[in-house]
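Close look at the chain arrangement
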Amino acid sequence: MPYPARILFLARSLNYGGSERQLVALAIGLHQEGQSVAVATFYPGGPFQHSLESAGVSVSSLGKHSRWGLVGFAWRLIRLVRRVRPKILHGYLGTSIILAVCLKPFCPGMKVIWGVRASNMELERYGWLDRLLYWIECRLSQCADVIIVNSHVGLDYAVSHGFPREKMVVIANGIDTERFYPDRHARARVRAMWGIRAEAYLIGLVGRLDPMKGHMTFVRAAAVLMTQRPDVRFVCVGDGPELYQRRLVALTEELGLKDRLHWVPASENIASLYNAFDIATSASYYGEGFSNAIGEAMACGIPCVVTDVGDGKLIVGETGSVVAAGDPKALALAWKNMLAMETAERERQGQCARARIVQNFSLARLIQSTSQVFNAVEPLRQ
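Residues numbered from 1 in each chain as written. Predicted model: local features only at pLDDT ≥ 70, side-chain atom pairs only at ≥ 80, totals over all residues. Heavy atoms only, no water.

On a regular strand, each side chain points to the face opposite its neighbour's, so the side chains alternate between the two faces of the sheet. Bridge analysis of strand 10 (residues 232-237) against strand 11 (residues 261-264) gives four bridges, and the strand direction is parallel. Considered in strand 11, the bridge of V237 is made with V264. (Pairing = 2+ DSSP bridges. Helix = DSSP H or I, 4+ residues; strand = E, 2+ residues; numbered from the N terminus.)

Next comes the structure, spelled out in structure tokens:
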């Protein structure tokens, strides 16, 4: 890793995920602006590492191989920060933002920026360690120089738990509309790969296999719609713990959806997968801030049905439908109503969805807004 670097991003990993994709896009965008950027991760490897390195962004792994390998990891992290001497340390999610504050004494003058990307977390669903870490996060939030939140709902939630409002700013996620765009050839290719006929309707959900993403609600809604629309198929794209995946597959089989619902692993070629959909869905039950899956699908010209979690309603605006979280019947009804539209009308809705992303949630806007925040806390010296 070259040193010094003006901006050092600190993150857990570079595995597939919406937050990781945002980090990569932001780091590359700032690098292309001519800023000195580096990325450090707790765990080695990850599919997004190649994307960063190919763009010229230096990546360093801290060699953490288990959750509890703390001592050697902490020492390597301190040495890295001392060597890189960043003007700005941007902690991205969870433990990395806590560590970013703890590193301040080892690099005098360094500004610490937090990236907070969730809202309304139901912490009782998680273990004692996760609850403890969030308690620590709330108390250390006063030590950050700036806290960037990717949703208005997330800001309100953080403030209600003690985060300092005066240090917080909302910067919505940015969608790369040159990568995510309508592609009829990809639609045909992916449907053929999945064995889905051209005339069938396909409703898809993209997101890691986690209770907060609402896969159980999605599966139950699919079972409701299946009895009314035998011409509809469903797909869930994402990875997660094997035990939870088995539970989801078991529910699929129990509800008679085995031949109607596909479970597909996460993929770097996600834009092609969105294009196979007729309707994209975010069924999140809690915790969502700004859903990348919504924005990316909309950029591909796919109309969305989303639950009213995080900033979902703000993202889709008038271009999609919003239903209450955790209500399979409401979700199935919204799908049914959207499928009842004339094809041309639904396509126009998809075009409006893309236009909304281009106008309001572009990658360029994310990079510009973040750069302005960075320059405000640590002016760029020519």
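Ranked by size, the top nonpolar core spans 36 residues in total, and within it L10, L103, W114, I147 and F163 carry the most contacts. Within the residue set of this core, elements represented by two or more residues are strand 1 (7-11), strand 2 (37-41), helix 3 (71-84), helix 4 (94-102), strand 5 (111-116), helix 5 (128-140), strand 7 (146-149) and helix 6 (152-160). Take this core: its biggest share by element is six residues, from helix 3. With 33 residues, the next largest nonpolar core counts F180, V235, I302 and C304 among its residues. (Core = buried A, V, L, I, M, F, W, Y, C linked by side-chain atoms within 4.5 Å. Buried < 20%, exposed > 50% of the residue type's maximum accessible area, 1.4 Å probe, protein only.)

Turning to unusual backbone geometry, a few remarks are in order. In this structure, R85 takes a positive phi of about 50° despite not being glycine. Examined against the element boundaries, R85 turns out to sit in the loop between helix 3 and strand 4 (88-92).

Spatially, six strands are ordered 11-10-9-12-14-15 in an open sheet, and the strand pairing comes out parallel. Every interior strand has two partners, whereas the edge strands, strand 11 and strand 15 (321-323), have only one. Between one strand axis and the next, the sheet turns through 20° on average, direction left out of account. As paired strands, strand 9 (residues 201-206) and strand 12 (residues 279-282) are joined by three bridges and run parallel to one another. When the sheet's bridge partners are listed, I203 is paired in strand 12 with I279. (Axes fitted to C-alpha atoms, helices over the stretch in contact; angles between N-to-C directions.)

Time to look at the packing of helix 8 (residues 215-226) against helix 9 (residues 242-254). Relative to each other, helix 8 and helix 9 sit at 10°, their axes nearing to 10 Å. Taken as axis vectors, helix 8 and helix 9 run roughly parallel relative to one another. The handedness of the crossing between helix 8 and helix 9 comes out as right-handed. Counted together, H215, M216, V219 and R220 of helix 8 and Y244, R247, L248, L251 and T252 of helix 9 form the full contact between these two elements. Looking at the contact of helix 8 with helix 9 residue by residue, the classes come out as five nonpolar, two polar and two charged. (Parallel < 35°, antiparallel > 145°, perpendicular 65-115°, else oblique. Left-handed = near helix turned anticlockwise from the far one by under 90°. Contact = heavy atoms within 4.5 Å. Nonpolar A, V, L, I, M, F, W, Y, C, P; charged D, E, K, R; others polar.)

Moving on to the pattern of salt bridges. Note that side chains of opposite charge can pair when their charged atoms are close. A complete count under the given rule lists twelve salt bridges for this structure. K213 serves as the salt-bridge partner of E288, at 3.1 Å between the closest nitrogen and oxygen. With E288 in strand 13 (residues 287-288) and K213 in the loop between strand 9 and helix 8, the pair connects residues that are 75 residues apart, well separated along the chain. You can call E288 buried: its relative accessible area is 8%. Residue classification places K213 among the buried residues on the basis of a relative accessible area of 13%. Via salt bridges that share partners, R187, R191 and D278 belong to a single interconnected network. (Salt bridge = Lys/Arg side-chain N within 4 Å of Asp/Glu carboxyl O.)

What follows covers helix 15 (residues 363-377). For helix 15, with 15 residues, the first-to-last C-alpha span of 22 Å sits near the 21 Å given by 1.5 Å per residue. Turning to helix 15, its buried residues number three or more, namely L363, L366, I367, T370, S371, V373, F374 and V377. End-on, the buried residues of helix 15 take up no more than an arc of 160°, which puts them together on one face. Of the exposed residues in helix 15, the ones pointing more than 90 degrees away from its buried face are A364 and A376. The secondary structure elements touched by the buried residues of helix 15 are strand 1, helix 1 (18-32), strand 4, strand 5, strand 7 and strand 8 (168-170). (Expected span 1.5 Å × (residues − 1). Arc of directions from axis to C-beta.)

Further remarks concern the pairing of strand 1. Taken across its five residues, strand 1 has five buried, putting it largely inside the fold. Across the two faces of strand 1 the burial is the same, with I7, F9 and A11 and L8 and L10 all buried. Relative to strand 2, strand 1 runs parallel, the two being bridged by five bridges. Within the sheet, the bridge partner assigned to I7 lies in strand 2 and is V37. What joins strand 1 to strand 2 is helix 1, and the crossover it makes is right-handed. Pairing between strand 1 and strand 4: four bridges, direction parallel. Residue L8 lies in a different strand from strand 4, and its bridge partner there is L89. (Right-handed = clockwise from strand over helix to strand, strands pointing away.)

Let's shift gears to the side chain of D183. Structurally, D183 is set in the loop between strand 8 and helix 7 (184-194). For the buried D183, which has no salt bridge, the nearest side chain bearing the opposite charge is R189, at an N-O separation of 5.3 Å. There is a polar contact of 3.1 Å between the side chain of D183 and the backbone nitrogen of H185. Within the local environment of D183, its side chain forms a polar contact with the backbone nitrogen of A186, the two atoms lying 3.0 Å apart. (Lys, Arg positive; Asp, Glu negative; His and termini not counted. Polar contact = N/O pair within 3.5 Å; in protein donor to acceptor, adjacent residues only side chain to side chain.)

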